[in-house]
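Single-letter residue listing:
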Amino acid sequence: MTRIAAVHGVLPAHRYPQREITDALALMRLPGAGAPKRDRGVLDRLHATACVRTRHLALPLERYALLDGFGQANDLFIEEGLRLGEEALRAALDQAGLVPQEVDLVFATSVTGIAAPSLEARLAGRLGFRPDVKRVPVFGLGCAAGAAGLARVHDYLEGHPDQVAVLLSVELCSLTLQRDDTSAQNTVAGALFGDGAAALVAVGRGHPRVQEYAGPQVMATRSRLYPGTEDALGWDIGDRGFTIVLRAELPELVRLHLGEEVRSFLAAHDLKPDDITGWVCHPGGPKVLEALQETLGLGPDSLELTWRSLAEVGNLSSASVLHILRDTLALRPPPAGTPGLLLALGPGFSSELVLLRW
């Protein structure tokens, strides 16, 4: 099976307590002495209940009020995304003891900015990838793309078992800020999302060094779209850039679909939720996590590292599951040879499941 050789997460240097971010957003959204108190009260309440203590931002906090339109924000996405992406890729390859010339495939994902040439193409020369490296830049999978990217890397390595594949996720959610949007969904997004990047290196089962790596193996994957839920999660894209679509019924969709989906997937491999020794779950927000724990019957400690990641850095979109996978391996490594599950939800509405063997 595919073997994960290394995973590394990086964060921007600008780190702020949630309270400072709340105050800054209030000044941006509600300028002047006549701002409605009820709007500030909603902002305070939603930020306080997001279970986020601190976040890292691509820019110093005071610069967000000066952003002038989507074009400027996207230019900053490319600039900072390249810096973080290069840092993540170099560190992951170093951990794996590999050099960029050994990489055969780069799967790169982001849903918080647009670049053509894509980020991994712009990084190829800096890092020293071969001119014939295969590239798969992906936009639109959203928060599910970390799990989906690992699944697609696995698919590729199943067909090219002697090769090396890299997954890169760069998400600068703060640069999608809509300052004038006082809707509940935009307020919730402003309370949850942070910035970060991550890179994962994997080798196929026939790679000459596969036995040297102690990382988990990918055993199986499942992708699922849930018909009739297309308007639950995603972006509306207009003149001002990305406007969040985040329906209030999302936790109910998790309760309706995810329990059955996960149990069915595990049963196909003669497993039950109780058999999973390590859960690597995307931190979609407190209500989504509570719904997931409830529908799967998980104990209070099962998603501890997911809750911790949400508190310390917020929701990093597709990069979050890779940060949590890194933390799982470093802080709470499950017993070797036991099953794990990596999962994430995204626009579609969709889920991505990756069965691991630790």
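Residues numbered from 1 in each chain as written. Predicted model: local features only at pLDDT ≥ 70, side-chain atom pairs only at ≥ 80, totals over all residues. Heavy atoms only, no water.

Student: Could you give me a rundown of the overall build of the chain, with the residues and numbers involved?
Tutor: Across its full length, the chain carries 10 helices and 13 strands. Against the compact-globule benchmark of 21 Å for 358 residues, the chain has a radius of gyration of 20 Å, which places it among compact chains. Considering only C-alpha atoms, the chain reaches an extent of 65 × 45 × 35 Å along its principal axes. Relative to its 358 residues, the chain shows a buried fraction of 59%. A sequence separation of at least 24 residues applies to 81% of the contacts in the chain between residues at least 6 apart. (Helix = DSSP H or I, 4+ residues; strand = E, 2+ residues; numbered from the N terminus. Rg over C-alpha atoms; globule rule 2.2 N^0.38 Å. Buried < 20%, exposed > 50% of the residue type's maximum accessible area, 1.4 Å probe, protein only. Contact = heavy atoms within 4.5 Å.)

Student: Now, about a nonpolar patch on the surface: what can you tell me, with residues and values included?
Tutor: There is a patch of nonpolar side chains on the surface, built from Ile114, Phe139 and Ile237 and spanning about 290 Å² of accessible area. As for its position among the elements, Ile114 is in the loop between β4 (105-109) and α4 (119-127). (Patch = residues over 30% accessible without salt bridge, like charges linked within 9 Å, V, L, I, M, F, W, Y side chains within 5 Å. Areas by Shrake-Rupley, 256 points an atom, 1.4 Å probe, with all protein chains shown as cover. Salt bridge = Lys/Arg side-chain N within 4 Å of Asp/Glu carboxyl O.)

Student: So what's going on with the environment of Ala13? Which residues, and what values?
Tutor: Tracing the chain through its elements places Ala13 in the loop between β1 (2-10) and β2 (14-17). Look at Ala13 and you get exposed, because its relative accessible area is 70%. Residues Ala13 and Ala58, 45 residues apart in the sequence, show an inter-C-alpha distance of 7.6 Å.

Student: An account of the side chain of Thr22 is requested, with residue identities and associated values reported.
Tutor: Along the polypeptide, Thr22 turns up in helix α1 (residues 18-29). Discounting chain neighbours no more than four positions away, the residues touching Thr22 are Arg40, Leu43, Asp44 and His47.

Student: Go over the pairing of strand β8 (residues 217-225), please, and point to the residues and values.
Tutor: In this structure, β1 lies alongside β8, joined through two bridges in antiparallel fashion. Residue Arg3 lies in a different strand from β8, and its bridge partner there is Gln217. Inspection of the sheet shows β8 paired to strand β13 (residues 350-357) by eight bridges, in the antiparallel sense. What sits directly across from Arg222, in β13, is Leu353. (Pairing = 2+ DSSP bridges.)

Shape is all these values report; function is a separate question.
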